Amino acid sequence: MPLHESPLKDHPLNPMRDSNLVRVLGRQSRSPVALLPLATVEAGPQAVRDAVGRHAADGAGAIIADAVLDRHLETLGVVALDQPVSTGASGLGLGIARALVAAGRITAGGGAQAPAPIGGPAAILAGSCSQATLGQIAAAERSMPVLRLDPEALAGDPGEIGRALAWAGRHRAEGPVLIASSAPPEQVAAVQQKLGRDAAGHAIEQAMARIALGLVEAGVRRLVVAGGETSGAVVDALALPAFRIGAEIAPGVPVLYAVGREPPMVLALKSGNFGGPDFFTDALGAMP
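What counts as what
- Residues numbered from 1 in each chain as written.
- Predicted model: local features only at pLDDT ≥ 70, side-chain atom pairs only at ≥ 80, totals over all residues.
- Heavy atoms only, no water.
- Helix = DSSP H or I, 4+ residues; strand = E, 2+ residues; numbered from the N terminus.
- Rg over C-alpha atoms; globule rule 2.2 N^0.38 Å.
- Contact = heavy atoms within 4.5 Å.
- Areas by Shrake-Rupley, 256 points an atom, 1.4 Å probe, with all protein chains shown as cover.
- Lys, Arg positive; Asp, Glu negative; His and termini not counted.
- Charge placed at Lys NZ, Arg CZ, Asp CG, Glu CD.
- Axes fitted to C-alpha atoms, helices over the stretch in contact; angles between N-to-C directions.
- Parallel < 35°, antiparallel > 145°, perpendicular 65-115°, else oblique.
- Left-handed = near helix turned anticlockwise from the far one by under 90°.
- Nonpolar A, V, L, I, M, F, W, Y, C, P; charged D, E, K, R; others polar.
- Expected span 1.5 Å × (residues − 1).
- Buried < 20%, exposed > 50% of the residue type's maximum accessible area, 1.4 Å probe, protein only.
- Salt bridge = Lys/Arg side-chain N within 4 Å of Asp/Glu carboxyl O.

Trainee: Explain the overall build of the chain to me, please; I cannot follow it from the model alone.
Mentor: In terms of helices and strands, the chain carries 12 helices and 9 strands. For 288 residues, the compact-globule estimate of 2.2 N^0.38 gives 19 Å, and the chain sits close to it at 21 Å. Expressed along its principal axes, the backbone C-alpha trace of the chain runs to roughly 60 × 50 × 30 Å. Contacts spanning at least 24 positions in sequence make up 65% of the contacts within the chain whose residues lie at least 6 apart. Taken as a whole, the chain presents about 14,700 Å² of accessible surface, with 55% of it coming from carbon and sulfur. Across the chain, the 23 positively charged side chains and the 26 negatively charged ones have centroids separated by 2 Å.

Okay, structure coming up:
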């Protein structure tokens, strides 16, 4: 499905209305943006190096590479060891890691002992407005208490944070709880129109981060967060310096053990569209 036809076309912060990333980045760049097409990546590392050299000689300031399969990421990873890389999709990490192992620059992991189970109260925070997360919230309502916050009230009334924490306190004895600021695109658009897109997003993210901090102060030790911006705000609020990566819950979403923090804590952080319908219960089941 082309990106501009997918649910991401209604992303609240970055509506994706153009599927051609060369055009998208080109509108934001003062220097030309080039493409490494799939055929070039299929041809292997040297073909990629040659193409990068040609584009650089032509003045390209950035080059976007096509990739469909793991072997394409592996090819790009090999080239990344001797070329500047400023950013990339999360899948590029796979290619770079395998290239570093193949080059003998790091040792492959495996067999590492999993951290001891952490246990304790669990909570879920959902800030993403993606269709996937909205479906995951609906599925979670069948098995746990769910509080749906009004995004406009959350952004404009600091008292909403205390009310959400009080609600969580009343339901904690029942097991995991879910607090969501997620909303359908039309409701998000109305809030953005009233408060401004950036201001609305920032206010809601910070409110969710303060709710996370309150939950942890109340004893929550297992925390699931849905939404990329929400996850970043929560990690900052909790001042978590590092994570040890654990088992994979869903493609691209591992269990994360907080490093350098006492008492110990385990998290799952995901972008909105990641995971299947039962992601929240799957995540809690994978977080000992």
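Trainee: I'm lost on the packing of helix H3 (residues 45-57) against helix H4 (residues 70-80) in this one. Help?
Mentor: In helix packing, the relevant descriptors are the interaxial angle and the interaxial distance, both defined with respect to the helix axes. Running from amino to carboxyl end, H3 crosses H4 at an angle of 60°, the nearest separation of the two axes being 9 Å. Classified by the interaxial angle, the pair formed by H3 and H4 is oblique. As H3 runs across H4, the sense of the crossing is right-handed. Side by side, H3 and H4 meet where Pro-45, Val-48 and Arg-49 of the first sit next to Thr-75, Leu-76, Val-78 and Val-79 of the second. Its residues assigned to classes, the contact of H3 with H4 shows 5 nonpolar, 1 polar and 1 charged.

Trainee: Even after reading the chapter, I still don't get helix H10 (residues 197-217), so can you show me in this structure?
Mentor: Along an α-helix, a turn takes 3.6 residues, which lines up residues three or four apart on a common side. Between its first and last C-alpha, H10 extends 31 Å over 21 residues, near the 30 Å set by a 1.5 Å rise per residue. Burial in H10 covers these residues: Ala-200, Gly-201, Ile-204, Glu-205, Ala-207, Met-208, Ala-209, Ile-211, Ala-212, Gly-214, Leu-215 and Val-216. Of the residues one or two after H10, Gly-219 is the one with positive phi, at around 115°.

Trainee: I'm lost on the pattern of salt bridges in this one. Help?
Mentor: Once their charged atoms are close, side chains differing in charge can pair, the charge on each being opposite to the other. Following the criterion strictly, the structure yields 13 salt bridges and no others. Here Asp-10 makes a salt bridge to Lys-9, at a shortest N to O gap of 3.6 Å. Taking relative accessible area as the criterion, Lys-9 reaches 27% and is therefore assigned partly exposed. Its salt-bridge partner being Asp-157, residue Arg-163 comes within 2.5 Å of it at the nearest N-O pair. For Asp-157, a relative accessible area of 31% translates into the label partly exposed. Residues joined by salt bridges that share partners form a network here, namely Lys-9, Asp-10 and Arg-17.

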